[in-house]
Amino acid sequence: MTTGVVTFAGTAAAADTATITANPNTTAVTSTHTATALPEDEDRGQGLESIQIDYNSAEEPSNVEKVGKDDVKRIGIDNNEDGEIDINLSDSFTEIKYDNNFGTITFYFDGSHEIKEDEEVLVEYGDVVNPNEPGDYQTQIAVNVESTDHPSQVDLHIEEDTPGTHVGVVDVDPAEVKPGENVSNQTFEFEIHNLSADGKNDTFRVRLDDRLGDQFEPESATVISGPDGVNVSDITLENDPDDDSSKNDTMMVELNYNNSTQETYDVVLQIEADVAYPSDSAGTTYSIDTEIVDSDTGETDEQEVETILVNDPPTITNFNVTKAEGTNLDITFNSDVTLSKLDIVITGDVYEELDESNFDEDDDVEDLYNYSATFDTDTLGNFTVKMEYAQDNSGNELTDGPSDSAYIPCDDSDTDDPCPDVSNFTLTNTSGSTLEASFDSTENLTEIVVDVTGDADVTLNETDFTNSSGTYTASFDPGAVGNYTATLETAKDVDGNDGASGQSASVTHTVSDGDDSDDSADDSDGDDSGTDSDSDGDDSDSDTDDSPGGYFGDDDDSDDAGTDDDDSDTDSDDADTDGNESDVDGNETDVDDDVDVDGPEADVSDSTGSTPIAIQPDEEDDPDIELDGDADDVDEDDDVDDEADVDEDTDADEAADETEETEMNTETEATEETTETTAEGETPGFGAVVALVALLAAALLARRRR
């Protein structure tokens, strides 16, 4: 015998905190496994999120690849460790995930069930293939695996495959019937192993309970799994020779398969039959026995493989939950029979279990029994009430009853404890990759839940928000661009008053660079400022030094962005810099590239030096400022006030230049004379400086008039 051995990390919990069994528990067969586990102490009071079974055998794990939601036979809570489901959680069971490489399967829940003390989670599921070798396979089982530090470790016991011909797993659907119910096409499914592949007929018999003799009619027999070429005879009815009655209570099917390359074969046989059940009381069971006789070996295998249960669950109608006075809930429903046991669970902003002692039963009215209860939630919010279990006096059981929900809002009429008034709920784009959720509240809030859904899902709570004078704001990165909707789920004050009523807002989220300019412009220069690209690669048509030394206006030309391509001159003639610079008092004045500095100069000088200046109007009487006699073109547009674009000189312009230069020279000479005749005691050259400043101011004024 080979034993599966595996090493686990962490400290194992007590052995009696989990169990796992296989049926059948033989090697290499498809089996139904049942796993149970007690949560860790720290998980009590938390919502049930998952139960994980990690086979993780060192040799070969059980194969769980085919297990799906439809293979889950039972899932829920066992309160007394008797192997029975006391609280059915099929409604809160959401999905299965498996990793067959590591033999791990995880069952997930929606978290609505709050784990109580001594509650054992139980799950039974089929379509598991047992390991190929017998042994005790160490297995880890964890409840709420994401937060479990010490999963339970138990052994899955696998035995040697039964030698010879035998019947394995049997499934019956439905396996539970009502008294006197007529079931059409009830399905019986059998695994039959090790039949001889000699082409001879192998006989398979299904014997139903004596009480069902002559109560059923076979419809079909089909091999749903097995080698191609298996032949199945028609179903025939016969009387059990060991039964003294003359009733036909046995279905017989003959199979054969011929293959010279293999000795035996396995099949899964499905039989369908119409069955009329007697009006037996609840709790009655009907047994199913099988017998397989191999044609070659003559081996016979007989066993009881399944039972059918009679159950007539109570019929529950008009199940209603309504808000009553204060924080009370009224729970009412009707039943067609008197109930001896009742299990009702309240979830939401509280968790509470009610039983039959909490309910009043009214007298029989129109063949219905009326049940009612009032429960004080002692809080506000949303509540769901579900009937998990009901049983009548005859033992008939209802294991998955109806449910209803109710909402208890705060009372606006209570002036001493007012409801939070929530307004201005918004969701907006901010700079960078973040969104901002914001709203106003008239009360300080201690609990906030905002659900953000869309191309990614985000949940915000009170720790994400800042409060500034009643305005609550949270900035967050959703992780992806796209469309988003934010919904205010909870906005509670310290007294539990909730101002949330589903307020919501939506936004299309894009990643922003924080610039409010038009990001949609497709600029050829790669700048997103929305400006047309200039041929020189600069999105603005001006430089920061359009005037010499700043005397004529030191513009930063920030408003020049947005000009057309035609606004900028790209001729090399527009900027003619020969290195000549105007110098006042030895200080250099930088000249913009748009100003020519190679022509005749008008010297305004005193003892501190000379400054060449020339003023010339263009053809449109739009005076330009230039420092030579050869000015370049000035474009006719609205942007010239911030640029010194120079037009080509005409003869008239040159004449005007000479006239102005003459006048300026005359003024300069007068200035020099004034400086030389300054009254005794005055600083020599002071008058020239004053004149020079006045002249420069006049030139600046002339430029601005352009």
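What you see is a predicted model, and the numbers here were worked out from it, not measured in a lab.

## Side note on the sheet that holds strand E37 (residues 482-493)
Then, in step 1: One open sheet accounts for four strands, arranged E34-E33-E37-E38; its pairing is antiparallel. Whereas interior strands pair on both sides, the edge strands pair on one side only; in this sheet they are strand E34 (458-461) and strand E38 (504-509). Strand-to-strand twist across the sheet, computed as the mean angle between neighbouring axes with direction ignored, equals 20 degrees.
Then, in step 2: Note that E37 and E38 share six bridges and pair antiparallel. Note on E38: the bridge partner recorded for Tyr-484 is Val-507.

## Notes on the packing of aromatic side chains
Then, in step 1: For the coordinates displayed, the defined rule picks out twelve aromatic pairs.
Then, in step 2: Here the aromatic rings of Phe-93 and Phe-107 are separated by 6.2 Å at their centres, their planes lie at 45 degrees, and the arrangement is tilted. Residue Phe-93 is located in strand E6 (residues 93-99), and its partner Phe-107 is located in strand E7 (residues 104-109); the two are separated by 14 residues in the primary sequence.
Then, in step 3: Using a relative accessible area of 7% as the deciding quantity, one classes Phe-93 as buried.
Then, in step 4: Residue class for Phe-107 comes out buried when judged on its relative accessible area of 0%.
Then, in step 5: A network of ring pairs unites the aromatic residues Phe-93, Phe-107, Phe-109 and Tyr-125 as a single cluster.
Then, in step 6: Over the ring of Phe-93 we find Lys-69, and its NZ or CZ is 5.1 Å from the ring centre.
Then, in step 7: If you follow Lys-97 out to its NZ or CZ, it ends over the ring of Tyr-108, 5.6 Å from the centre.

## Remarks on the nonpolar core
Then, in step 1: Counting residues in hydrophobic clusters, the biggest one holds 34 residues, and the most contacted among them are Ile-20, Ile-51, Ile-53, Phe-107, Val-123, Tyr-125 and Ile-141.
Then, in step 2: The element contributing the most residues to this core is strand E8 (residues 120-129), with four residues.
Then, in step 3: With sequence-adjacent residues up to four places away left out, Ile-20 is seen in contact with His-33, Thr-34, Ala-35, Ile-53, Tyr-55, Tyr-125, Thr-139, Ile-141, Val-154, Asp-155 and Leu-156.
Then, in step 4: Grouped together as the second largest cluster of nonpolar side chains are 33 residues, Val-170, Ile-235, Met-251 and Ile-292 included.

## So, the sheet that holds strand E23 (residues 328-335)
In any sheet, the strands associate via hydrogen bonds between backbone groups, in a parallel or an antiparallel arrangement.
Then, in step 1: Read across the open sheet, the four strands follow the order E22-E23-E27-E26; overall the sheet is antiparallel. Of all the strands in the sheet, just strand E22 (316-323) and strand E26 (360-361) have a single pairing partner and so form its edges.
Then, in step 2: Sheet analysis places E22 next to E23, joined by six bridges and oriented antiparallel. The residue of E23 that forms the bridge with Asn-320 is Thr-332.

## So, the side chain of Asn-396
Then, in step 1: Counting through the fold element by element, Asn-396 comes out in the loop between strand E28 (381-392) and strand E29 (397-398).
Then, in step 2: For Asn-396, the side chain forms a polar contact with the main-chain nitrogen of Asp-312, separated by 2.6 Å.
Then, in step 3: In this view, Asn-396 contacts Ala-282, Asn-311, Asp-312, Pro-313, Pro-314, Ala-390 and Gln-391; residues no more than four positions away in its chain are not counted.

## Quick look at unusual backbone geometry
Then, in step 1: Asp-173 connects to Pro-174 through a cis peptide bond whose omega is 0 degrees.
Then, in step 2: Checked against the element boundaries, Pro-174 lands in the loop between strand E11 (166-173) and strand E12 (176-177).
Then, in step 3: Even without being glycine, Asn-144 reaches a positive phi, approximately 50 degrees.
Then, in step 4: Considering the arrangement of structural elements, one finds Asn-144 in the loop between strand E9 (135-143) and strand E10 (152-158).
Then, in step 5: On the basis of relative accessible area, Asn-144 is assigned to the buried category, the value being 5%.
Then, in step 6: The backbone of Asn-424 shows a phi angle near 55 degrees, a positive value even though the residue is not glycine.
Then, in step 7: Within the fold, Asn-424 resides in strand E31 (residues 422-429).

## Observations concerning the environment of Ala-276
Then, in step 1: Assignment of secondary structure puts Ala-276 in strand E19 (residues 264-276).
Then, in step 2: Along the sequence, Ala-276 and Glu-181 sit 95 residues apart, while their C-alpha atoms lie 6.2 Å from each other.
Then, in step 3: Among all residues touching Ala-276, those that are not within four sequence positions of it are Glu-181, Asn-182 and Gln-215.

## So, the pattern of salt bridges
Then, in step 1: Applying the stated criterion across every chain, the model contains eleven salt bridges.
Then, in step 2: Between Lys-116 and Glu-114 there is a salt bridge, with the nearest N and O atoms lying 3.3 Å from each other.
Then, in step 3: Linking Glu-291 and Arg-207 is a salt bridge whose minimum nitrogen-to-oxygen distance equals 3.9 Å. One end of the pair, Glu-291, is in strand E20 (residues 285-293); the other, Arg-207, is in strand E14 (residues 202-208), and 84 residues separate them in sequence. Like Glu-291, the residue Arg-207 is buried in the burial classification.
Then, in step 4: Taken together, the shared-partner salt bridges connect Arg-205, Arg-207, Glu-238 and Glu-291 into one network.

## Here we look at the pairing of E23
Then, in step 1: If you look at the hairpin formed by E22 and E23, you'll find four residues sitting between the two strands, and Gly-326 has a positive phi there, around 65 degrees.
Then, in step 2: Sheet topology note: the E23/strand E27 (residues 369-376) ladder contains eight bridges and is antiparallel. Residue pairing for E27: Asn-334 is matched across the bridge by Asn-370.

## Concerning the confidence of the model for the protein chain
Regions with low pLDDT carry predicted coordinates that are not meant to be interpreted in detail.
Then, in step 1: With 67% of its residues at a pLDDT of at least 70, the protein chain reaches an overall mean of 75.
Then, in step 2: Every residue in residues 514-656 is under pLDDT 50, and counting partners more than four places away or in other chains gives 278 contacts.
Then, in step 3: This stretch, residues 662-683, has a pLDDT under 50; its non-local contacts, to residues over four places away or in other chains, come to 18 contacts.

## Some details on the environment of Asn-461
Then, in step 1: Among the structural elements, Asn-461 can be located in strand E34.
Then, in step 2: On a C-alpha basis, the gap between Asn-461 and Glu-447 in space is 7.1 Å, while along the polypeptide they are 14 residues apart.

Calculation rules
- Residues numbered from 1 in each chain as written.
- Predicted model: local features only at pLDDT ≥ 70, side-chain atom pairs only at ≥ 80, totals over all residues.
- Heavy atoms only, no water.
- Pairing = 2+ DSSP bridges.
- Helix = DSSP H or I, 4+ residues; strand = E, 2+ residues; numbered from the N terminus.
- Axes fitted to C-alpha atoms, helices over the stretch in contact; angles between N-to-C directions.
- Phe/Tyr/Trp six-rings, centres within 6.5 Å; stacked < 30°, edge-to-face > 60°.
- Buried < 20%, exposed > 50% of the residue type's maximum accessible area, 1.4 Å probe, protein only.
- Lys NZ or Arg CZ within 6 Å of the ring centre and 35° of its normal.
- Core = buried A, V, L, I, M, F, W, Y, C linked by side-chain atoms within 4.5 Å.
- Contact = heavy atoms within 4.5 Å.
- Polar contact = N/O pair within 3.5 Å; in protein donor to acceptor, adjacent residues only side chain to side chain.
- Salt bridge = Lys/Arg side-chain N within 4 Å of Asp/Glu carboxyl O.
- pLDDT = per-residue confidence, 0-100.

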